[in-house]
Amino acid sequence: MCECSTVGRSLKFFNRSGFVGGLGGRGGRGGFRPGKSRGSCGSCGPKVTYVPPALSEDESSIFAHYESGINFDKYDDILVDVSGHDPPKAIMTFEEAALCESLNRNVSKSGYKKPTPVQKHGIPIISAGRDLMACAQTGSGKTAAFLLPILQRLMADGVAASQFSEVQEPEVIVVAPTRELINQIYMEARKFAHGTCVRPVVVYGGISTGYTIREVLKGCNVLCGTPGRLLDIIGRGKIGLSKVRYLVLDEADRMLDMGFEPDMRKLVSSPGMPPKEDRQTLMFSATYPEDIQRLAADFLKTDYLFLAVGVVGGACSDVEQVVVQVTKFSKRDQLLEVLKTTGTERTMVFVETKRQADFIATFLCQEKVPTTSIHGDREQREREQALGDFRSGKCPVLVATSVAARGLDIKDVQHVVNFDLPNNIDEYVHRIGRTGRCGNTGKAVCFFDPEADGNLARSLVKVLSGAQQEVPKWLEEVAFNAHGTIGFNPGGRVFASTDSRKNDRTTSQPAAALGVAGDDDEWE
Ligand SMILES: Nc1ncnc2c1ncn2[C@@H]1O[C@H](COP(=O)(O)OP(=O)(O)OP(=O)(O)O)[C@@H](O)[C@H]1O
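If you look the protein up in an unreviewed UniProt entry, it shows as RNA helicase from Esox lucius. UniProt's Catalytic activity (unreviewed entry) comment on the protein is quoted here verbatim: "ATP + H2O = ADP + phosphate + H(+)". In the Sequence similarities (unreviewed entry) part of its UniProt record, the protein is described as follows: "Belongs to the DEAD box helicase family. DDX4/VASA subfamily."

Draft legend 1. Molecular detail of the overall build of the protein. Across its full length, the protein carries 19 helices and 14 strands. When the 524 residues of the protein are sorted by exposure, 52% land in the buried category.

Draft legend 2. Looking closely at the site of the ligand. As a structural note, the neighbourhood of the ligand is formed by 21 residues, with T138, G141, K142, T143 and C438 the closest of them. Ranked by the residues each element gives to the shell around the ligand, the list is headed by helix α5 (residues 142-156), at 3 residues. In terms of residue class, the shell around the ligand is made up of 6 nonpolar, 12 polar and 3 charged.

Draft legend 3. Examining the sheet that holds strand β14 (residues 442-448) more closely. Strand order in this open sheet of 6 strands is β9-β14-β13-β10-β12-β11, and the pairing throughout is parallel. Of all strands in the sheet, those bounded by a partner on one side alone are β9 (319-325) and β11 (371-374). Each strand of the sheet is rotated relative to its neighbour by a mean of 20 degrees, with strand direction disregarded. Contacts from helix α13 (residues 354-366) reach β10 (346-350), β11 and β12 (397-400) within the one sheet, and its direction differs from that of β11 by about 170 degrees.

Draft legend 4. Representation of unusual backbone geometry within the structure. Phi at A98 is positive, roughly 50 degrees, even though this residue is not glycine. Note that A98 resides in the loop between β1 (80-83) and α3 (101-109). One non-glycine residue, C438, lies in the positive phi region at around 55 degrees. In this structure, C438 sits in the loop between α15 (425-432) and β14.

Draft legend 5. Representation of the pairing of strand β8 (residues 305-309) within the structure. For β8, the tally of buried residues reaches 5 of 5 residues, placing the bulk of the element in the interior. Burial along β8 is two-sided: L305, L307 and V309 facing one way and F306 and A308 facing the other are all buried. Inspection of the sheet shows β1 paired to β8 by 4 bridges, in the antiparallel sense. Within β8, the residue paired with V82 across the bridge is L307.

Draft legend 6. Main features of the environment of T196. Tracing the chain through its elements places T196 in the loop between α6 (179-192) and β4 (200-203). Once the C-alpha coordinates of T196 and V159 are considered, the two residues, 37 residues apart in sequence, prove to be 9.6 Å apart. Apart from residues no more than four positions distant in its own chain, T196 is found in contact with S102 and M155.

Draft legend 7. Inspection of the environment of A444 at higher detail. Mapped onto the elements of the fold, A444 is located in strand β14. With residues up to four places along the chain from it excluded, the contact list for A444 reads V319, Q321, V416, I432 and T435.

Draft legend 8. Spotlight on the sheet that holds strand β6 (residues 246-250). Strand order in this open sheet of 8 strands is β1-β8-β2-β7-β6-β3-β5-β4, and the pairing throughout is mixed. In this open sheet, the two edge strands, each paired with only one partner strand, are β1 and β4. Here the strands of the sheet are splayed against their neighbours by 15 degrees on average, with no regard to which way each runs. Where strand β2 (residues 132-135) meets strand β7 (residues 280-285), 4 bridges bridge the pair, whose relative direction is parallel. By the bridge assignment for β7, M133 is matched with M283. Each of β2, β3 (172-175), β6 and β7 is contacted by α5, which is oriented at about 160 degrees to β7, the strand it contacts most.

Draft legend 9. Structural view of α15. Among the 8 residues that make up α15, 8 are buried, leaving the element largely enclosed by the rest of the structure. The complete set of buried residues in α15 reads I425, D426, E427, Y428, V429, H430, R431 and I432. Buried residues in α15 make contact with α9 (252-255), β9, β10, β13 (413-418), β14 and α17 (457-466).

Draft legend 10. Quick peek at the packing of helix α4 (residues 117-127) against α5. Contact geometry for α4 and α5: axes closest at 9 Å, N-to-C directions at 30 degrees. Judged on the interaxial angle alone, α5 and α4 are roughly parallel. Both α4 and α5 take part in a crossing whose hand is right-handed. Residues V118, Q119, G122, I123, I126 and S127 of α4 form the contact with α5, whose participating residues are K142, A144, A145, F146, L148, P149, I150 and Q152.

Draft legend 11. Geometry of the nonpolar core. Grouped together as the largest cluster of nonpolar side chains are 134 residues, with contacts concentrated most on L132, A134, L151, L307 and V349. A total of 9 residues in this core trace back to one element, the largest contributor, which is α5. Excluding anything up to four places from it in sequence, L151 contacts L103, F192, A193 and V198.

Draft legend 12. Local environment of helix α14 (residues 380-392). Taking 1.5 Å of rise per residue, the 13 residues of α14 would be expected to cover 18 Å, and the 18 Å separating its terminal C-alpha atoms lies within 8% of that figure. Taken as a whole, α14 has its buried residues at Q380, R381, E382, R383, E384, Q385, A386, L387, D389 and F390. G393 lies just past α14 and shows a positive phi near 90 degrees.

So, how was this worked out
Along each chain, residue indices are assigned from 1 in the same order as the chain's sequence is written. The predicted origin of the model limits local features to residues at a pLDDT of at least 70 and limits the giving and counting of side-chain atom pairs to 80 or more, whereas totals for whole chains, interfaces and linings rest on all residues. UniProt positions are given in the numbering used here, feature names are shortened, and annotations may be inferred rather than shown by experiment. Helical segments are the DSSP runs of H or I of at least four residues, strand segments are the runs of E of at least two, and each set is numbered from the N terminus. Counting other C-beta atoms within 10 Å of its own, a residue is labelled buried from 20 upward, exposed at 12 or fewer, and partly exposed in the gap between, with every C-beta atom placed from the backbone. Any residue whose backbone-placed C-beta atom lies within 6 Å of a molecule or strand is treated as near that molecule or strand. As a working rule, the residues Ala, Val, Leu, Ile, Met, Phe, Trp, Tyr, Cys and Pro are called nonpolar, Asp, Glu, Lys and Arg charged, and the rest polar, with Gly in that last group. In this analysis, strands are considered paired if DSSP registers two or more bridges between them. To obtain an axis, a line is fitted to C-alpha atoms, over the contacting stretch when the element is a helix, and the angle between two such axes runs from 0 to 180 degrees between their N-to-C directions. C-beta atoms are placed from the backbone for every residue, and two residues are taken to be in contact when these atoms lie within 7 Å. Note on angle classes: values under 35 degrees are labelled roughly parallel, values over 145 roughly antiparallel, values of 65 to 115 roughly perpendicular, and the remainder oblique. Crossings are classed by handedness, with left-handed meaning an anticlockwise turn of the near helix from the far one by less than a right angle and right-handed meaning a clockwise turn. Residues of type Ala, Val, Leu, Ile, Met, Phe, Trp, Tyr and Cys that are buried and joined through C-beta atoms within 7 Å form what is called a nonpolar core. Residue count minus one, scaled by 1.5 Å, sets the expected span of a helix.

Structure representation (C-alpha cells):
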C-alpha cells in the first residue's frame with residue numbers, strides 16, 4: 001500500500017505544531033520534507049532508496065532470545081481442541097518431532113527446551129502434510145509451530161538456494177500484514193535455518209526495490225513478504241511460483257479481512273501458483289472471527305484441520321488487565337500517572353491515529369519521558385530506528401498505532417497502555433498480547449471513555465471475564481446500558497468458540513463491519 005496520500009496531513013500537523021523531532025532523538029521533521037521519498041509502491045513519488053543495515057552474522061546475536069517465564073509450564077493446562085478428520089497424534093517433546101541435526105541444534109541454541117501446545121499439535125499436523133487453521137493465544141510460539149516442520153521438510157529433501165537463477169523459485173511463501181512483523185518472522189526463519197543450505201529472504205515496502213531484488217536473486221527458498229511488495233516482486237518476473245509447497249498466512253484473520261483479502265486472492269491466482277490441492281496452506285492467529293474462518297476455507301483443502309489452543313480469540317491470561325474510567329481530556333494526565341508507576345519499564349502506548357501518536361510522543365518527550373513512536377507515516381528507516389531504540393531500552397516508551405498491535409515479540413515489554421481503545425475487540429486482544437509472552441507475566445491498562453468507547457463495553461467485559469480478570473462494576477453497567485438485558489451475559493463468550501464448521505449460526509461480527517486495523521493507519 002502506498003503511503004503517498006498521507007504526506008499532506010503529516011506536513012500540516014508538523015508545520016502547525018512546530019514539532020522538531022525528539023522522538024527518541026531521531027526522525028521528526030526530516031522524514032516529512034516535501035519531495036522526500038514517501039512512496040513504497042515504486043511508481044509514485046521519488047524512489048525509495050532505504051537499504052536496511054547489514055545483519056550481524058554473529059551467533060550470539062542470531063540466537064539472542066529471552067527466557068520463558070514462570071507460567072510457561074501452565075501452557076500444558078490449556079484445553080486443546082483439534083477438529084477435522086483423522087488428526088495426527090501430538091508430540092510431547094522436540095525429540096519426537098525427529099528434526100534433523102542442524103535444525104535440532106538451532107532449536108536448542110534458541111533456548112527452546114520443550115514445545116508449547118500449538119507446537120505439540122501443529123508440528124505433527126504440518127509434517128503429516130495437512131492444511132491447518134491454528135488459533136493460539138498471543139506469545140505462545142505460533143511462529144516456530146509453522147517454521148520448524150516446514151524447514152525440516154526442506155532440509156530432509158536437500159533443498160538448496162541457487163544464486164545462478166534469474167528467476168527464483170521459492171518452496172515456501174509466508175505473508176504477514178506489517179513490515180516489522182514479516183521482518184521478525186524472517187529473522188526467526190534465518191535463525192532456524194542457520195548453517196544449512198536453506199535461504200530465507202524478506203521483502204517489504206519502504207526499502208529499496210533494487211536492493212530487495214538483489215537479495216532475492218542471491219537465492220530464495222523461504223520468501224517472507226508483506227502482500228503489496230510480494231505481489232510487486234512477483235509481477236516483475238523475479239519470482240516463479242510453480243515450486244511453492246507451503247503458503248503460510250500469519251495473522252490469518254487480518255490477511256483475509258477486507259484490507260488484504262484481494263491481495264491474497266491475487267497471490268493464490270498468480271500464474272504458476274499451485275492450486276490449493278497441490279500445496280499446503282497454513283493459517284495462524286490468536287483471533288478468528290467466524291466469517292473469516294468461512295472465507296479462509298476458500299484457500300484450504302476441504303479436509304483441513306482446525307487447531308484451537310484455549311478459547312479462540314481469548315486474551316492471554318498471563319496479562320493482568322486493568323480498565324480505568326477516563327474522560328477524553330483526562331487521558332494525558334492519567335498516562336503520566338501510569339508511566340510514573342512503571343518507571344523505566346518498557347511500555348507500549350497504543351493510540352488511534354498517526355497524528356495522535358506523534359502528538360502523544362512529543363508530549364511525553366516534553367515531560368522528559370524518553371519516548372519514540374511507530375506508525376505508517378514514519379519512513380521505514382525511522383520505524384526501524386524506533387523499534388531498535390525501544391528494544392534496546394534507549395527509549396522505554398513506544399507510542400504506536402495498531403501497526404504494532406500484532407505479532408511483535410519484544411523482550412521485557414511489561415506494560416501495554418491502551419490510551420485509545422481500538423474499535424474492535426480482536427485488535428485489543430492482539431495489542432495487550434505484546435506483553436505477557438512465552439509464560440512471562442505482564443500488565444495492560446486500558447483507558448475507557450464511556451462517551452467514546454461504549455460500543456466496546458460488552459465485548460471488553462467478556463474478554464476480561466474470559467481471562468479471569470476483574471470486571472469493574474461501572475463497566476458492567478456501561479455494557480448493560482449500551483445493550484440492554486437481552487443477550488447480555490457477562491460470563492458468556494464473545495468469541496467464535498471453536499471451528500466454524502461445527503456451528504450453523506454466525507455469532508460473531510462480520511469482518512467487513514469490523515473494518516481493518518481499527519485506526520487510520522496503513523499497515524503495509
Ligand atoms: N518452545 C519454546 N520454548 C521457549 N521459547 C519459545 C518456544 N516457542 C516460542 N518461544 C518464544 O516465545 C516467544 C513468542 O513466540 P511467537 O512470537 O512465535 O508467538 P506468537 O504465538 O506468534 O504470538 P503472536 O500471536 O503475538 O504473534 C518468542 O520469543 C519465541 O522465540
